[in-house]
Amino acid sequence: MRKFTKFLIFFIAIVLSGCGKGYYADKENYDMQANLEPELWETNFLSVKRGRPLTEVERKALASKPTIPFNLDVTQTAQVERFLQYFAEDKRSTMERWLRRSEPYLPYVRAVLASYDLPPDLIVLPFIESGYNSSAYSRVGAGGMWQFMPLTARRFGLTVDWWVDERRNPYKSTVAAAQYLSKLHQMFGDWHLALAAYNCGEGRVSRAMTGSAQVDFFDLAAAKKLPRETRMYVPKFLAVLMIFQNLKALGFKPVNWNVGDIMKEVPVKGGTDLLAMAKACGMTWEQFSDANTAFRRQVSPPNREATVYVPKSKYQLAMAFSKDPSKYPPAGYTAYAVRSGESWWNIARQYGVPIDSLREFNPGLGGQLSAGTTVKVPGHSTQQESMIALSSIKKTRKHKVIASAACNYSKNSVRHKVKRGETLSAIAARYGVSQGSIMKANGLRSAKYVQAGKRLTIPGTNTHVASTSSKTSTRAKSVHKVKRGETLYAISQKYGVSSATIMRANNLSSPNSLRSGAKLVIPGKSGSATRLSTKDRKAFSYKVGSGETVWSIARKFQISPTALLSWNNLSRTTKLQIGQRLTIHK
């Protein structure tokens, strides 16, 4: 009767769309990169029908009863045994690393679970989600210690945008996870099903139950009514739970519940220079960023308050900075002097910053920029994020030269607030411009979905584009055919044009994307091939200091990070070494 009642409830329930780990495109997070450790998603070892025999210690661990009363039953399936062997023996070093990484967060997670009256067992859930890595991203876009998808995160009050990703805030995301788990258990009345829904979405589990008349997780898994990852999810959880409850017996070092600094919250105003704040606190950016992984830039989001976390010993310094930031020199952004003919779009492409975010950070400037105007460009949180942003935002159609004038802001550009139900094609028709030009001007990847309330920049008319193109065409250009083994730096030296200029003219996303035989447009005053003279551009050697990155050095000399990489034949993944010599052209 109990099973029938549960089945009936789900048969008449509203079937929700899956909010688990299914793919969700989020244009504000184009520059995130998957970094989950392979132990969290590789399950090839499970293809072996039978694992090695269990040791006596492992057998006792699987059969043990925790001293604290848990609400989850341990079902000894073959998958549970193999997962226990996998993490306790095959991947012992990985498990040990996760245990040490979890120590600063365990007391907080335990307290939040208790405050929501949730089973203490759930403290091991972040192990199988992210290895307790607050900066983790999966291949499908889940983020943070609890691996929320953007939609689910926003449902539970977390902000996910270009400025911040609160899925990476271990404190706020833990509260959101507790709320979500409470909702799932209330919905399903069973922790096995609730955990399955956490993995693949409550809609997916509900549909599996109503479509099969099965109300038990293990019955659904046996009938293959759930995705393979989800079928393995609960056994993986139970195995890691048994390891966590038997660390000493299994030969692991017990966790230290008192490790880590006591963190204090510091409220900051919109647009706060976080790098300057870190320096005022006597912290490196790496130290500050490790404590504030939610911030994706070196400044806080404009026009809204935020919370910064600092060790208790740094609290007074942080509060002093917060009260009067003007006493400290700026550090988290670049003050860029606009050159003649440059637009918001040019600067956005050069630094890998979406136009909307760049304008949001410079609210006092209009749509058309004048030569000499100073534009503040926010710094990226990490060098990796900077390089990915530069690569992603510059991508257009491969190997095609697209006139950037079509996306430039002009005196004819207008801002449009999207109304409910309004489509991009309707907006384009209203202003007499193409959908493509609006998409380029606003960094949109798809015309299918435009969020109501979003403000779009509508580029100038075709007359403006034609006049701009005509003006540009008066400048002499050359066409260069790339030879085998030729580098962008060598080509730039040959024609006396910077690598960054050639990349912009040809919509190249990376100095390493040249192909033999490709034809490049070389902009310049003449088509003659002349080497860059010392008079035209001064080159000097720079010694890399402690903690410096490509991004920080480029910002220091107000040059493009892409150009710096090209001048020195470096790739985006190259890590600079202290004392390394770099060539810089100014």
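Reading guide: rules and limits
- Residues numbered from 1 in each chain as written.
- Predicted model: local features only at pLDDT ≥ 70, side-chain atom pairs only at ≥ 80, totals over all residues.
- Heavy atoms only, no water.
- Helix = DSSP H or I, 4+ residues; strand = E, 2+ residues; numbered from the N terminus.
- Buried < 20%, exposed > 50% of the residue type's maximum accessible area, 1.4 Å probe, protein only.
- Contact = heavy atoms within 4.5 Å.
- Areas by Shrake-Rupley, 256 points an atom, 1.4 Å probe, with all protein chains shown as cover.
- Polar contact = N/O pair within 3.5 Å; in protein donor to acceptor, adjacent residues only side chain to side chain.
- Axes fitted to C-alpha atoms, helices over the stretch in contact; angles between N-to-C directions.
- Parallel < 35°, antiparallel > 145°, perpendicular 65-115°, else oblique.
- Left-handed = near helix turned anticlockwise from the far one by under 90°.
- Nonpolar A, V, L, I, M, F, W, Y, C, P; charged D, E, K, R; others polar.
- Phe/Tyr/Trp six-rings, centres within 6.5 Å; stacked < 30°, edge-to-face > 60°.
- Lys NZ or Arg CZ within 6 Å of the ring centre and 35° of its normal.
- pLDDT = per-residue confidence, 0-100.
- Salt bridge = Lys/Arg side-chain N within 4 Å of Asp/Glu carboxyl O.

Focus on the overall build of the protein chain
Each helix and strand in the protein chain was counted, giving 25 helices and ten strands. Counting only residues that meet the buried cut, the protein chain has 51% of its 586 residues in that class. Counting contacts in the protein chain only where the partners sit at least 6 residues apart, residues at least 24 apart contribute 72% of the total. Summing over all exposed atoms, the protein chain offers an accessible surface of approximately 28200 Å²; the carbon and sulfur share of this is 51%.

As for the environment of Gln179
Along the chain, Gln179 falls in helix α8 (residues 170-188). The exposure class of Gln179 is partly exposed, given its relative accessible area of 30%. Taking the C-alpha atoms as reference, Gln179 lies 7.4 Å from Phe156; in sequence the two are 23 residues apart. With residues near it in sequence (within four places) discarded, Gln179 still touches Tyr116 and Phe156. Polar side-chain contacts of Gln179 include one of 3.2 Å to the side chain of Tyr116.

Some points on the packing of helix α3 (residues 78-90) against helix α4 (residues 92-102)
Where α3 contacts α4, the two axes come as close as 5 Å, and the packing angle between them is 80°. If you check the angle between α3 and α4, you find them roughly perpendicular. When α3 is examined against α4, the residues Phe87, Ala88, Glu89 and Asp90 are found in contact with a partner set consisting of Arg92, Met95 and Trp98.

Some points on the packing of α3 against helix α12 (residues 228-245)
Look at α3 against α12: their axes get within 8 Å of each other, and the N-to-C directions meet at 50°. What the angle tells us is that α3 and α12 run oblique. Seen along the crossing, α3 lies across α12 with a hand that is right-handed. Between α3, through Gln79, Val80, Phe83, Leu84, Phe87 and Ala88, and α12, the contact on the second element is made entirely by Met232, Pro235, Lys236, Leu238, Ala239, Val240, Met242 and Ile243. Looking at the contact of α3 with α12 residue by residue, the class counts come to twelve nonpolar, one polar and one charged.

A closer look at unusual backbone geometry
Residue Asp117 is not a glycine yet carries a positive backbone phi of 55°. Mapped onto the secondary structure, Asp117 falls in the loop between α5 (106-115) and α6 (125-130). For Asp117, a relative accessible area of 70% translates into the label exposed. The backbone of Gln147 sits at a positive phi, close to 55°, despite the residue not being glycine. Tracing the backbone shows Gln147 in the loop between α6 and α7 (150-155).

As for the packing of aromatic side chains
A full pass over the atoms with the stated rule returns 18 aromatic pairs. Summarising the aromatic geometry, the rings of Trp162 and Trp163 are spaced 5.0 Å apart at their centres and angled 90° between planes, so their arrangement reads as edge-to-face. For the pair shown, Trp162 and Trp163 are each scored as buried. Aromatic rings pair up to connect Phe83, Tyr86, Phe87 and Trp98 into one cluster. Between Arg110 and the ring centre of Trp257, over which it is positioned, the NZ or CZ distance is 4.0 Å. Its guanidinium or amino end placed over the ring of Trp162, Arg297 lies 3.7 Å from that ring's centre, counting from NZ or CZ.

Topic: the confidence of the model for the protein chain
Residue-level pLDDT values for the protein chain average 78, and 74% of them are 70 or greater. Here helix α21 (residues 462-473) stands out as the least confident element of the protein chain, with mean pLDDT 36; α6 is the most confident, with 96. Low pLDDT (under 50) marks residues 67-74, which in the prediction has 17 contacts with non-local residues, meaning those over four places away or in another chain. Note on residues 525-537: pLDDT is under 50 here. Beyond four places in sequence and across chains, it has 24 contacts.

Quick word on helix α10 (residues 202-212)
By the burial criterion, the buried members of α10 are Glu202, Gly203, Val205, Ser206, Ala208, Met209 and Ser212. Following α10 by one or two positions, Ala213 adopts a phi angle in the positive range, close to 65°.

What about the pattern of salt bridges?
Counted according to the given criterion, the structure contains ten salt bridges. Across the pair Arg155 and Glu202 runs a salt bridge, and its minimum N-O distance is 3.2 Å. In this pair, Arg155 is assigned in helix α7 and Glu202 in helix α10, connecting sequence segments 47 residues apart. Look at Glu202 and you get buried, because its relative accessible area is 0%. For Asp165, the salt bridge goes to Arg167, with nearest N and O atoms at 2.8 Å. Residues Asp165 and Arg167 agree in their burial class; the two are buried. It is possible to trace a salt-bridge network through shared partners that takes in Glu37, Arg97 and Arg101.

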